[in-house]
Amino acid sequence: MSPPLGSPLMPHSSKVFAGVEVIPLCDAVGPMGPALRRPLDETFLGATAADWAVVGREEWVLHFHCHLLRDPTGRTILVDTGVGGTESPAAGWAPVPGALMAEVAAAGVRPEDVDAVVLTHLHSDHAGGAVVDGLPAFPNARYIIQRDELDWVRGPVLEQVVRPLGDALEVVDGLVEMTSGITVVPTPGHTPGHQSVEVGRLVLSGDVLHHPVQLVNPAIRYAHDEDPERAAATRAALLERVRRRSGTLATAHLAEPFTTLTP
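Scope of this entry: the structure provided in the associated data block. (Residues numbered from 1 in each chain as written. Predicted model: local features only at pLDDT ≥ 70, side-chain atom pairs only at ≥ 80, totals over all residues. Heavy atoms only, no water.)

Among the residues making up helix H6 (residues 155–165), those that are buried are Val157, Leu158, Val161, Val162 and Leu165. For H6, the arc enclosing every buried residue in end-on projection is 120°, short of the 170-degree limit, so these residues lie on one face. Considering only its buried residues, H6 is in contact with helix H4 (124–127), strand S7 (131–132), strand S8 (135–136), strand S9 (142–146), helix H5 (147–152) and strand S10 (169–172). Gly166 sits one or two positions beyond H6 and adopts a positive phi of about 50°. (Buried < 20%, exposed > 50% of the residue type's maximum accessible area, 1.4 Å probe, protein only. Helix = DSSP H or I, 4+ residues; strand = E, 2+ residues; numbered from the N terminus. Arc of directions from axis to C-beta. Contact = heavy atoms within 4.5 Å.)

Next up on the list: the sheet that holds strand S12 (residues 182–186). Taken in spatial order, the six strands of this open sheet run S11-S12-S13-S14-S16-S17, and their pairing is mixed. If you trace the sheet from one side to the other, it starts and ends with strand S11 (176–179) and strand S17 (258–260), each paired once. Averaged over all pairs of adjacent strands, the angle between strand axes in this sheet comes to 25°, irrespective of strand direction. As defined by bridge partners, S11 adjoins S12 across three bridges and the pair is classed as antiparallel. Each bridged residue has a counterpart across the sheet, and for Thr179 the counterpart in S12 is Ile182. (Pairing = 2+ DSSP bridges. Axes fitted to C-alpha atoms, helices over the stretch in contact; angles between N-to-C directions.)

This next bit is on empty space enclosed by the protein. Under the counting rule described, the total for this entry stands at two cavities of 30 Å³ or more. By volume, the largest cavity amounts to about 50 Å³. In terms of lining residues, the largest cavity is bounded by His65, Cys66, His67, Val79, Asp80, Thr120, Leu204, Ser205, Gly206, Ala250, Thr251 and Ala252. Those elements that place two or more of their residues in the lining of the largest cavity are strand S4 (62–70), strand S14 (202–206) and strand S16 (248–251). Along the lines of polarity and charge, the residues of the lining of the largest cavity split into five nonpolar, six polar and one charged. In terms of lining residues, the second largest cavity is bounded by Thr187, Pro188, His190, Asp207, Val208, Asp225, Ala231, Thr234 and Arg235. Split into classes, the residues belonging to the lining of the second largest cavity amount to three nonpolar, three polar and three charged. (1 Å grid on protein atoms, 1.4 Å probe; cavity = no way out; pocket = protein on both sides within 12 Å on 5 of 7 lines; lining within 4 Å. Points joined across faces, edges and corners; volume = space filled by probe spheres on them. Nonpolar A, V, L, I, M, F, W, Y, C, P; charged D, E, K, R; others polar.)

Looking now at the layout of surface pockets. The calculated volume of the second largest pocket comes to roughly 230 Å³. The residue inventory of the lining of the second largest pocket, partitioned by class, reads six nonpolar, four polar and three charged.

What follows is about the nonpolar core. Judged by nonpolar contacts, the single largest core of 29 residues is most densely connected at Leu25, Leu78, Val117, Leu122, Phe138 and Tyr143. Going through the elements one at a time, strand S2 (20–30), S4, helix H3 (100–106), S9 and H6 are the ones with two or more residues in this core. It is H6 that provides the largest number of residues to this core, a total of five residues. With sequence-adjacent residues up to four places away left out, Phe138 is seen in contact with Leu78, Thr81, Leu100, Met101, Pro111, Val114, Val117, Gly129 and Tyr143. Formed by 20 residues, the second largest nonpolar core is a distinct cluster that contains Val20, Val79, Val197 and Phe258. (Core = buried A, V, L, I, M, F, W, Y, C linked by side-chain atoms within 4.5 Å.)

Rendered as structure tokens:
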């Protein structure tokens, strides 16, 4: 039986890539709010009837996944912080409050145990849970963001997330080797400073793609990409690279947290 909209999924098993345990955390499940909701053909531009025939055209229900990484040395890294609470910038359109803190606790981790947080980008459903009551939600972590993203962000996320993070922010330019086997890689297009995380053959891809139809045809554009052409090019290159090595995606919004691709 499927969980009701707005509730987290049942826990998924962790997997190990390049010696790193990767634990999917289901922050929330639900459709976009009415202000952002559009018909599929207006949301995924350029998809043909043949593309949709592969994956179906059911109502698009988003799964909001974050991921917890534990490397062999015991370091704990969180990728994205979900939709946040009822006062977060995502509250106007996403199914808040998110279950991130409960999911982290279920994984046996306390907020103060998290050493680093990688924010794939500064949209509210990926960064909304970075701050709680005006303070960093993970008090001992550095929050890693690309400089291009920081230069771009405006509005509530800037005011309610970025500024309260203060000195906890670590601004980077380009590729970053976090620990042995964990690398932050720029994947721009959805936003100017979008970044993904690579762990061996796994790519935690953030919003490089949003719907299974983009696995069928990566040229299909998403209506909310900042730079649709660049996003499509990034998506095609990333999927080709993952397929070539029979790798796996850990996506933010697909129903299953892990998707293995084959050539």
